[in-house]
Amino acid sequence: MASQLKPAINPFLEGVYAPVGDELTAGELSVTGMLPAELDGLYVRIGPNPVTPPDPRFYHWFAGDGMVHGVRLQAGKALWYRNRYVRSNRVSATLGEAPAPGPRDTRTDTVNTNIIGHAGKLLALVEAGGMPVELDSLLGTTAHTDLDGTLRLGGFSAHPHRDPDSGELHAICYNGGNRDFVRHVVVGVDGRVRRELAVPIADGPMIHDCALTARFVIILDLPVTFSMPAARASVGFPYRWNRDHTARVGLLPREGGADEVIWCDVDPALVFHPCNAFDLPDGRVVIDVAAHDRMFDSEHPNGPDGSVLTFERWTCDPATRRVDRAIIDSLPQEFPRFDERLTGKPYRFAYTVTMADGAPGGPSGVIRHDLETGARAVHDFGAGKIAGEFVFVPRSADAAEYDGWLMGYVVDAVAETTELVVLDARDVAAPPIAVVALPRRVPLGFHGNWIAAA
């Protein structure tokens, strides 16, 4: 038991990760440079922020109470910043409020991992069985939701992917309470589930994300699986590296049955985040990923474990049922994003955030990869500046793939401040075109997105 405990000092409760203590609203934010007038909407990011101080020995970053941080942009101005807790039962009780309405997962209703717009709603998301939470336009919690009663076999995913042609969301969902299968869930443009297929799978793997091509939904069945000893030890995150679990990539035909999945073996690795995926004319499937050679495989699995992180191209061959791995860039980098108008289709540019020693919290910048030429452009934020995930926003609906902006939060670890930085995707290395000063430090967190006002 003792070997499973975290050290008394927890790095995910200190420094740039340290929680903030309140909810804040601030208007008329200071802008350096010029915000593009075309940007009319909300940049919002979510992450863990414990509402009460947790025991540092047991606290895991993935399990902290959810908090959203948003900036509203319109007509070249930054109208406001707000941060709000996502109301779980525990958060509501701590704040002295009535519980938010709606169905919950029976084990936890903490939601802290991603936030998207779909079917006219703003949805905060989590994995492992948790239900989505609907937020209002000012980031307040409206209700926990099972999507009008249509999400029947369990919770949802932190990372659904929108088909740009149909507008539907596709996700691979897993649940720690149901470790014998995962589910392919399709949510229609009306916000209701139209397909929920169970796919048998062994050991209860953690499947943080998936990918989509024109033909397939890609299932990443990799060797981090549910661990009963970890669950019994109450270490906060019951998943561990499992050397006995075969690493494989599943190609599920979009409308196919579970018996139609083509399983392709791959050398062991963990992928939290794929970038994009697409079909090749010869029948093979390409998926670009941030690949960790191992994860949660140390005495203190809540902290860094020395894993090697590379940006790779995986090519799945349905004929040989093997995956060929090729390194795109060996520099540690994560949070790959791209122009999501090209989801499931051939694409040219990928955007990642560099990480020192394969972990967030070190000096960082944004990389633009040209996947056709192999060229890379880097924006260096400077000493002590730490970037979170950066999202690509096209200049217009019909703009070229490279024509738009990259935006995300950057923390100054020395000054303990945060800025919303907007880069020109055509010239990533150039100085930012706009920097919005936030009224508080935003702790390093998980995922953010641009939600257009339209």
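Fair warning: this is a prediction, and the values are worked out from it, not measured in the lab.

1. A short note on the nonpolar core
Argument step 1. Ranked by internal contacts, the top residues of the largest apolar core, which has 46 residues, are Met206, Ile218, Val249, Leu251, Leu270, Ile287 and Trp314.
Argument step 2. The dominant element in this core, judged by the number of residues it contributes, is strand 15 (residues 216-221), at five residues.
Argument step 3. Residues in contact with Met206, not counting those within four places in the same chain, are Glu127, Tyr174, Val224, Thr225, Phe237, Tyr239, Leu270, Phe272 and Phe296.
Argument step 4. Counting residues in each nonpolar core, the second largest holds 21 residues, with Val71, Val391, Leu420 and Val422 among its members.

2. Notes on the state of the cysteines
Here, the word disulfide means a covalent bond between the sulfur atoms of two cysteines.
Argument step 1. Scanning all chains against the criterion turns up zero disulfides.
Argument step 2. Cysteine Cys210 is unpaired, with the sulfur of Cys173 as its nearest cysteine sulfur at 8.0 Å.
Argument step 3. Here Cys275 stays free of any disulfide, with the sulfur of Cys210 as its closest cysteine sulfur at 13 Å.

3. Re the sheet that holds strand 13 (residues 193-200)
Two pairing modes exist for strands in a sheet, parallel and antiparallel, and in both the strands are linked by backbone hydrogen bonds.
Argument step 1. Pairing within the open sheet is antiparallel, and its four strands lie in the order 10-11-12-13. Strand pairing shows two members of the sheet lacking a second neighbour, strand 10 (161-162) and strand 13, which therefore form its edges.
Argument step 2. Relative to strand 12 (residues 178-187), strand 11 (residues 169-175) runs antiparallel, the two being bridged by six bridges. Looking at strand 12, one finds that His170 is bridged to Val186.

4. Description of the pairing of strand 13
Argument step 1. Where strand 12 lies against strand 13, seven bridges are found, and the strand directions are antiparallel. From the neighbouring strand, Val185 faces strand 13, where its bridge partner is Glu196.
Argument step 2. Hairpin remark: strand 12 followed by strand 13, antiparallel, with five residues in the connecting loop; positive phi at Gly191, about 80°.

5. Quick look at the sheet that holds strand 8 (residues 133-135)
Argument step 1. The strand order 6-7-8-9 describes an open sheet built from four strands, whose pairing is antiparallel. Because the sheet does not close on itself, it has two edges, and the strands there are strand 6 (114-118) and strand 9 (141-144). For this sheet, the mean angle separating the axes of adjacent strands, direction not counted, is 30°.
Argument step 2. Note that strand 6 and strand 7 (residues 121-125) share five bridges and pair antiparallel. Within strand 7, the residue paired with His118 across the bridge is Lys121.

6. Here we look at the packing of aromatic side chains
Argument step 1. Per the counting criterion, the structure on display carries 20 aromatic pairs.
Argument step 2. Centre to centre, the rings of Phe237 and Phe296 are 4.7 Å apart; their planes meet at 50°, and the pair counts as tilted. With Phe237 in the loop between helix 2 (228-233) and strand 17 (239-241) and Phe296 in the loop between strand 21 (285-292) and strand 22 (309-317), this residue pair connects regions lying 59 residues apart in the sequence.
Argument step 3. The exposure class assigned to Phe296 is buried, which follows from its relative accessible area of 6%.
Argument step 4. Between Phe381 and Phe390, the aromatic rings sit 5.6 Å apart at their centres with planes inclined by 40°, giving tilted as the arrangement.
Argument step 5. On the basis of relative accessibility, which here comes to 12%, the residue Phe381 falls in the buried class.
Argument step 6. With relative accessibility at 2%, the residue Phe390 sits in the buried group.
Argument step 7. In textbook terms, an aromatic cluster arises when at least three aromatic residues are bridged by ring pairs, as seen for Phe12, Tyr17, Trp61, Phe62, Tyr174, Phe226, Phe237, Tyr239, Phe272, Phe296 and Phe446.
Argument step 8. Residue placement shows Arg82 over the ring face of Trp80; its charged tip is 4.3 Å from the ring centre.
Argument step 9. Its guanidinium or amino end placed over the ring of Trp263, Arg248 lies 3.6 Å from that ring's centre, counting from NZ or CZ.

How each quantity is defined
Residues numbered from 1 in each chain as written. Predicted model: local features only at pLDDT ≥ 70, side-chain atom pairs only at ≥ 80, totals over all residues. Heavy atoms only, no water. Core = buried A, V, L, I, M, F, W, Y, C linked by side-chain atoms within 4.5 Å. Buried < 20%, exposed > 50% of the residue type's maximum accessible area, 1.4 Å probe, protein only. Helix = DSSP H or I, 4+ residues; strand = E, 2+ residues; numbered from the N terminus. Contact = heavy atoms within 4.5 Å. Disulfide = S-S within 2.5 Å. Pairing = 2+ DSSP bridges. Axes fitted to C-alpha atoms, helices over the stretch in contact; angles between N-to-C directions. Phe/Tyr/Trp six-rings, centres within 6.5 Å; stacked < 30°, edge-to-face > 60°. Lys NZ or Arg CZ within 6 Å of the ring centre and 35° of its normal.

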